[in-house]
Amino acid sequence: MPRIRVITFDLDNTLWDVRTVIGNAEHRMRAWLAEHVPEVIELYEDGAVIQQIRDELISEQPAVVHDLSTLREEVVFRAVRRCGRNENAARQLAQGAFCEFFEARHEVEYFDGALEALAALSKRYTLGSLTNGNADAKKLRLDRFFSFNFTAAGVGIGKPAPDMFQAALRHNGVSADAAVHIGDHPVDDIQAAQNVGMHTVWTNGPVQRSMRRSEVVIEPTVEIEELAELTGAIEQIEAL
Ligand SMILES: [Mg+2]
């Protein structure tokens, strides 16, 4: 078996708790909207309207689900238009609101051991990120550790489709059995990476378990509770 050369990381809920990050970013975006276009807040408070706008947009442009930034900004744009603002004004307001969201979305609090594990592993392996979300690894200064980053928006389709995993393998010129994917999601991360032939480490601690509605049965190469166990997990895979 070739030794491991490349390690890919999911971001949200693997390196930080996404609920607090998105909750805070939503809050900041609404505060910005309340200041700049107060009448739209009523729509946001009646979640059903925003949901309807979102559903309509997705049915018109199904590919937008792989580009959460565009999706979010476009929903704001349409909500502001509904409040009677003209197209130019609505576009500017949507961009301003999204900017506020995007800044706050990058104020992440890493799980214990995350940065230490990335620092240690980056000395021995080529690391990169594969995310369905809109976290920008460069904006987070994760390019200290990551030499490549693929996103659903950039690749055109999110995990569990094989495309992002295959893009990472191709980019690094390695076969799947020389690569490990680390992630929290049983299907999007673990089963999807296994389907392309990669090794997997499932980060399945109390935070991740608390977000799951039902028990899942999967067989990752290694399962860990916290990121402090990650370098040991990689050593375990190396020893297979
Ligand atoms: Mg995740």
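Residues numbered from 1 in each chain as written. Predicted model: local features only at pLDDT ≥ 70, side-chain atom pairs only at ≥ 80, totals over all residues. Heavy atoms only, no water.

Chemist: Is there a simple way to explain the coordination of the magnesium ion in this structure?
Modeler: The magnesium ion binds to the protein through Asp-10 (OD), Asp-12 (O) and Asp-184 (OD); the donor distances cover 2.1 to 2.2 Å. Mapping the donors of the magnesium ion onto the primary sequence gives the spacing D-x1-D-x171-D. Of the two residues, Asp-10 and Asp-12, both sit in the buried class. (Donors = N, O, S within 2.8 Å, 3.2 Å for Na, K, Ca; no water. Buried < 20%, exposed > 50% of the residue type's maximum accessible area, 1.4 Å probe, protein only.)

Chemist: Which parts of the structure should I look at to understand the packing of aromatic side chains?
Modeler: Any aromatic ring pair is given by two values, namely how distant the centres are and how the planes are angled relative to each other. Throughout the structure, instances matching the rule amount to 5 aromatic pairs. Both rings, one in Phe-148 and one in Phe-150, keep their centres 6.0 Å apart while their planes meet at 50 degrees; by these two values the pair is tilted. When sorted by exposure, Phe-148 lands in the same class as Phe-150, which is buried. Chaining the aromatic ring pairs together yields one cluster made of Phe-98, Phe-101 and Phe-102. (Phe/Tyr/Trp six-rings, centres within 6.5 Å; stacked < 30°, edge-to-face > 60°.)

Chemist: Is there a simple way to think about the environment of Phe-148 in this case?
Modeler: Mapping Phe-148 onto the fold places it in strand E3 (residues 146-151). Owing to a relative accessible area of 3%, Phe-148 belongs among the buried residues under this scheme. Residues Phe-148 and Glu-103, spaced 45 residues apart in sequence, show a C-alpha to C-alpha distance of 22 Å. For Phe-148, the contacting residues outside a window of four places in its chain are Val-6, Thr-8, Thr-126, Leu-127, Gly-128, Ser-129, Ala-168, His-171 and Asn-172. (Helix = DSSP H or I, 4+ residues; strand = E, 2+ residues; numbered from the N terminus. Contact = heavy atoms within 4.5 Å.)

Chemist: Is there a simple way to explain the side chain of Thr-8 in this structure?
Modeler: Note on placement: Thr-8 falls in strand E1 (residues 6-9). The class of Thr-8 is buried, set by a relative accessible area of 1%. With near-sequence residues (within four places) excluded, Thr-8 lies in contact with Gly-128, Leu-130, Phe-148, Ala-168, Val-180, His-181, Ile-182 and Met-198.

Chemist: Explain the sheet that holds strand E4 (residues 179-183) here, please?
Modeler: What holds strands together in a sheet is hydrogen bonding between their backbones, with the strands either parallel or antiparallel. If you trace the 6 strands from one edge of the open sheet to the other, you get E3-E2-E1-E4-E5-E6, paired in parallel fashion. The open sheet is flanked by E3 and strand E6 (222-224), the only strands paired with a single partner. Direction aside, neighbouring strands of the sheet carry axes that sit 20 degrees apart on average. Here 4 bridges tie E4 to strand E5 (residues 199-203), and the two strands are oriented parallel to one another. If you follow His-181 over to E5, its bridge partner there is Thr-200. (Pairing = 2+ DSSP bridges. Axes fitted to C-alpha atoms, helices over the stretch in contact; angles between N-to-C directions.)

Chemist: Would you mind going over the domain arrangement of the protein chain with me for this structure?
Modeler: A common measure of how large an interface is: the accessible area buried when the components associate. We note that the domain assignment places domain 1 (6-17 + 109-238) and domain 2 (20-105) within the protein chain. Of note, the centres of domain 1 and domain 2, computed from C-alpha atoms alone, are 29 Å apart. On the side of domain 2, 11 residues touch domain 1, which itself brings 14 residues to the contact. Between domain 1 and domain 2 the total buried area reaches about 980 Å² when both faces are included, carbon and sulfur atoms providing 46% of it. (Domains from an automatic or database assignment. Buried area = accessible area lost by both parts, 1.4 Å probe.)

Chemist: Just to check I follow, could you spell out the side chain of Asn-13 for this structure?
Modeler: Along the chain, Asn-13 turns up in the loop between E1 and helix H1 (18-36). Within polar-contact distance, the side chain of Asn-13 engages the backbone nitrogen of Val-18 at 2.9 Å. (Polar contact = N/O pair within 3.5 Å; in protein donor to acceptor, adjacent residues only side chain to side chain.)

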